[in-house]
Amino acid sequence: MTMTTKVLPIITAMLMACAMPAAAQNDTTRNVLMNDVVVTGTRNETDIRHLPMTISVVDRQQIEQSHQSSILPVLNTQVPGFFATSRGTLGYGVSTGASGQMSLRGIGGPAQAGLPTTGLLVLIDGHPQYMGLMGHPIADAYQSMLVERVEVVRGPASVLYGSNAMGGVVNIVTRRIQQNGVKTDIDVSAGSYGTFRSEATNQVRHNRFSSTVTASYNRSDGHRPDMGFEQYGGYIKLGYDFSRRWKLWGDVNITHFNATNPGATDQPYIDNDQRITRGMASVMLENHYDRTSGALSLFANWGDHWINDGYQPGGEPLDYRFNSNDQMLGVSWYQSAQFFKGNRITVGFDYFHFGGKAWNQYFDGSRDTQADRKQDEVAAYIDFRQDLLTWLTLDAGVRIDHHSQTGNEVIPQAGLAFRLPAQSELKAMASRGFRNPTIREMYMFPPQNPNLKPESLWNYELSYTGRQLDNRLTYSANLFYINGDNLILRLRNPNGSGMLNQNSGYIENWGAEVAVNYAIDRSWNITANYSWLHMENPVLASPQHKLYGGANFTHGRWKASTGIQYIKGLYTDLDSKHQEDFVLWDLSVNFSVTRWLSVYARGENLLAQRYEIMAGYPMPKATFMGGAHFSF
């Protein structure tokens, strides 16, 4: 079947979907319904209706209602096409047996077992966050305590954000108090398997000065032996408004966690322990004028990893421990300007310096160096947006990216947004994404290959969004086609024995995503989303079908929320082609005892489903948490 014959049915289906607004929903959540402004798709604050890309937003209220210490479980239910793996009640870990692998539309997650997420970029306030040597995000570093909202671009965003944004971006927008005053929140909960979760936040604003300070402690024994997890975290953000036009802020976040991996049930491990410290810091100077706005920022993220790879029962303990430290330093500048009505041009510059050291430390004092590498990436980009008529917006952009190892890449994108009658929009988008090979892939561990080239893909999509009943009912539908090549795979070395990383893979995915949100009245709100994904070459952590339906109820002192998620066709093992199908039901209830105290209870997997998201790692059956929230 040719590419043309595959694409034509998809385009036809897209056009049919546009004629059925009642079947879909706005792909954003309630935060966007009240304020249609996002920053991730174009750097500057922009009405989402003028952007051709597909963006989902999860707001602070939804994150708090979830009572989760990590943002990933919330994104799993609220963002169509997004999926992240997990292995227990709390904690994701790193290295062998780690979870927290993420994918969007089948891009980002590992194409082979044991490989980390490198095709999906996580940002904090627009700054890239990934391990400097391995090139992947660290799932346990993205705690709910520092999040105001999460904006997810479902599709390539490499024009603005460069490498790793091949499948999309998850941008964590950090918290900042807007009103004068002092606000303190403390949340404490405990439940199944010795799980304990705590978080404290203090926010202050006094005229031009603002601050946010948060701290957390989380732990769990895990539902299997030798599956303990413990985490400490802290976040500080300080801001000062020189004027209405100029603002300065800076922040620091540190998290440390200890995790134990018990191994798969058929291949258990002993003493597979990890001690990980991750940190990030940034400072940003922003300007906001009527016809221009921009920012200059400096940022850094770093990590220190200590890993005991353990041994299987009957084997011998290792006589060494794996150590690594990594860092990423960056400078980012952009300025957006409006030269005439309906026009907006954004130009920007990025510089990233990243790398680190890795070694095996033996008990006799000797050291075996695995890597000691640094690399650089420098880029310039321009994004042009123009309202051609009252009902049409054109968006086009290009990035020129230079990597110190792989050379130059030219990354274009273009799209149209049609604003139709009855508060609806039709959008079309074509964008290229890419990913540079990581230091690990080029220089660490067999089958390393220093001659690797970047991966790349093209994404084409058509979407329709609409609103009815004074914005109480919103809906969206979109269809996409993805074609990529040069994917890095572990294959047999054509010039000798053993394996070698090679640019030999290709990807061809297509699918559909729909979502709906309906505020029935002041008490009831219902939401649902569904994504269907077809993969010519299946990958892990990317279900073929993902359906979620939820309801929220508020009346007087009571709040309740419930949701059911259906997963079908989730590959957990590519060698055996094993797939998992399961249904998860969650329920939480909250009661406000006083103005400053509320208590809550939450149950997950209430149907007590037996299922696996990772091969050999059975998930817990029904679990329960209860807690209290203090606000003053």
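The structure presented is a predicted model; accordingly, all values stated were derived computationally and were not measured.

Engineer: I keep staring at the packing of aromatic side chains and nothing clicks. Help me out?
Structural biologist: Applying the stated rule across the entire model yields 18 aromatic pairs. For the ring pair W391 and F418, a centre distance of 6.2 Å and an interplane angle of 20° mean the geometry is stacked. Here F418 lies in strand β23 (residues 407-420) and W391 lies in the loop between β21 (367-389) and β22 (392-403), a separation of 27 residues in the sequence. Given a relative accessible area of 38%, W391 falls into the partly exposed group. For F418, a relative accessible area of 23% puts it in the partly exposed group. With 6.1 Å between their ring centres and 15° between their planes, W458 and Y460 make a pair best called stacked. The class of W458 is partly exposed, set by a relative accessible area of 31%. On the basis of relative accessible area, Y460 is assigned to the partly exposed category, the value being 33%. Here a set of aromatic residues connected by ring pairs shows up, and it is made of W458, Y460, Y481 and W510. In this structure, R367 is placed above the aromatic ring of W359, and the distance from its NZ or CZ to the ring centre is 4.3 Å.

Engineer: I keep staring at the side chain of T42 and nothing clicks. Help me out?
Structural biologist: With respect to the secondary-structure elements, T42 resides in the loop between β1 (37-38) and β2 (46-47). The buried category is assigned to T42, whose relative accessible area is 0%. Side chain to side chain, T42 and R385 meet in a polar contact 3.4 Å long. With near-sequence residues (within four places) excluded, T42 lies in contact with L51, L160, T346, D383 and R385.

Engineer: Is there a simple way to think about the sheet that holds strand β7 (residues 127-128) in this case?
Structural biologist: Neighbouring strands of a sheet are bound in pairs by backbone hydrogen bonds; such pairs are parallel or else antiparallel. Strand order across the open sheet formed by five strands is β3-β8-β9-β6-β7, with mixed pairing between neighbours. Both edges of this open sheet fall to β3 (55-59) and β7, since each of them pairs with a single strand only. As defined by bridge partners, strand β8 (residues 147-154) adjoins strand β9 (residues 168-174) across seven bridges and the pair is classed as antiparallel. Residue pairing across strands places R149 opposite V173, the latter belonging to β9.

Analysis parameters
- Each chain carries its own residue numbering, running from 1 in the direction its sequence is written.
- Per-residue local features are limited, in this predicted model, to residues with pLDDT of at least 70; the limit for side-chain atom pairs, both in listing and counting, is 80 or more; totals at the level of whole chains, interfaces and linings are taken over all residues.
- The basis for the side-chain values is all heavy atoms of the structure; hydrogens and waters are excluded.
- Stacked, edge-to-face and tilted labels apply to pairs of Phe, Tyr and Trp rings (six-membered ring for Trp) whose centres lie within 6.5 Å, assigned for plane angles under 30 degrees, over 60, and everything in between, in that order.
- Secondary structure elements are taken from DSSP: a helix is a run of H or I of four residues or more, a strand is a run of E of two residues or more, and numbering for both begins at the N terminus.
- Each residue's exposure class comes from its accessible area (1.4 Å probe, protein chains only) as a fraction of the maximum for that residue type: buried when under 20%, exposed when over 50%, partly exposed otherwise.
- In this scheme, the term charge over a ring applies when either NZ of a lysine or CZ of an arginine sits within 6 Å of the ring centre and within 35 degrees of the ring normal.
- Two N or O atoms count as a polar contact when they lie within 3.5 Å, although within protein this holds only if one can serve as hydrogen donor and the other as acceptor, and sequence-adjacent residues are included solely when both atoms are side-chain atoms.
- Here a residue-residue contact requires only that any non-hydrogen atoms of the pair lie within 4.5 Å.
- Only when DSSP finds a minimum of two bridges between them are two strands counted as paired.

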